[in-house]
Amino acid sequence: MTVRERSRDAFRLELAQAAVNVLAARGFEQVTVEDLAQHLGISRATFFRYFGSKDDVVVAVVQNPDLAYAAALREAPYDRDTSAWVLLRAAFEPAVTQSERDPVRLRARLRMISGLPGLRARIAEKRLHQVADVSHALAERTGEEDTARTLTVAAFAAVDLAWEKWASTEQAPFRVVLDRTFRDLRQA
């Protein structure tokens, strides 16, 4: 990837994060593309150079390259006694770090997403490559490809549940909610 491409991607992510904050604060359905462009200080044409729709803005934030789950799993300490659940929980440490940066704003984003079933479906579809990457990383560690896929899908569902709990009702830090959810999985 060239410097120019990295700069473009970084600018796109910066725009997306600012736009999602507006959407979460004002309401996804109440904000038009024109409103977003004006708030971001760009033209409507520039908006569409970077995003095809408001949905694309949210997906760009959720698919943030800083959330390198497979890399986090590969970097986690491992020996033969380390359970797959411990490795999978380690994979989601980037999400915990993200939650600690600006929990109020992140909760607002998550509440917005949870109220939009079509957007949730689109995010789930776009996440399939992350699931595959994490599953492959887990299989590299455990040697169990089929089991790794099953556990990875369950882990992503658990993370979604933890996000939902944290955003809607929990006052505890996301780390606590996620650890509790993974503890429940390990005990099941």
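S.K.: Just checking my understanding: could you explain the packing of helix 6 (residues 84–91) against helix 10 (residues 128–142) for this structure?
M.R.: Angle between the axes and distance between the axes: these two values describe a pair of packed helices. Their axes nearest at 11 Å, the elements helix 6 and helix 10 cross at an angle of 140°. With respect to their mutual orientation, helix 6 and helix 10 come out oblique. The hand of the helix 6/helix 10 crossing is right-handed. Of the residues in helix 10, those in contact with Ala 84, Leu 87 and Leu 88 of helix 6 are Val 134, Leu 138, Arg 141 and Thr 142.

S.K.: Teacher, can you tell me more about the pattern of salt bridges here?
M.R.: Pairing is possible between side chains that carry opposite charge, provided their charged atoms lie close to one another. For the structure shown, the criterion picks out 10 salt bridges. A salt bridge links Glu 93 to Arg 175, with the nearest nitrogen and oxygen atoms 2.7 Å apart. Here Arg 175 lies in helix 12 (residues 174–187) and Glu 93 lies in helix 7 (residues 93–101), a separation of 82 residues in the sequence. Using a relative accessible area of 26% as the deciding quantity, one classes Glu 93 as partly exposed. Under the relative-accessibility criterion, Arg 175 is labelled partly exposed at 29%. It is possible to trace a salt-bridge network through shared partners that takes in Arg 89, Glu 93, Glu 100, Arg 175 and Asp 179.

S.K.: Help me understand the nonpolar core in this model?
M.R.: When a protein is soluble and globular, its nonpolar side chains tend to lie buried together. Ranked by internal contacts, the top residues of the largest apolar core, which has 34 residues, are Leu 88 and Phe 92. Where this core is concerned, the elements lending two or more residues are helix 5 (69–75), helix 6, helix 7, helix 8 (103–114), helix 10, helix 11 (145–168) and helix 12. Residue contributions to this core peak at nine residues, all from helix 11. For Phe 92, the contacting residues outside a window of four places in its chain are Tyr 69, Ala 155, Phe 156, Val 159, Leu 178 and Phe 182. Within the second largest apolar cluster, 26 residues are counted, among which are Val 31, Val 33, Leu 40 and Phe 51.

S.K.: Where do I start with the packing of aromatic side chains in this structure?
M.R.: Two descriptors summarise a pair of aromatic rings, namely the distance from one centre to the other and the angle between the planes of the rings. The final tally for this structure, using the stated rule, is 12 aromatic pairs. Ring geometry for Phe 47 versus Phe 48: centroids 5.3 Å apart, planes at 90°, classification edge-to-face. Given a relative accessible area of 0%, Phe 47 falls into the buried group. Residue Phe 48 is classed as partly exposed on the basis of its relative accessible area, which comes to 35%. Each ring, one from Tyr 69 and one from Phe 156, has its centre 5.9 Å from the other, and the planes form 75°; the classification is edge-to-face.

What counts and what doesn't
Residues numbered from 1 in each chain as written. Predicted model: local features only at pLDDT ≥ 70, side-chain atom pairs only at ≥ 80, totals over all residues. Heavy atoms only, no water. Axes fitted to C-alpha atoms, helices over the stretch in contact; angles between N-to-C directions. Helix = DSSP H or I, 4+ residues; strand = E, 2+ residues; numbered from the N terminus. Parallel < 35°, antiparallel > 145°, perpendicular 65-115°, else oblique. Left-handed = near helix turned anticlockwise from the far one by under 90°. Contact = heavy atoms within 4.5 Å. Salt bridge = Lys/Arg side-chain N within 4 Å of Asp/Glu carboxyl O. Buried < 20%, exposed > 50% of the residue type's maximum accessible area, 1.4 Å probe, protein only. Core = buried A, V, L, I, M, F, W, Y, C linked by side-chain atoms within 4.5 Å. Phe/Tyr/Trp six-rings, centres within 6.5 Å; stacked < 30°, edge-to-face > 60°.

By themselves these figures say nothing about function.
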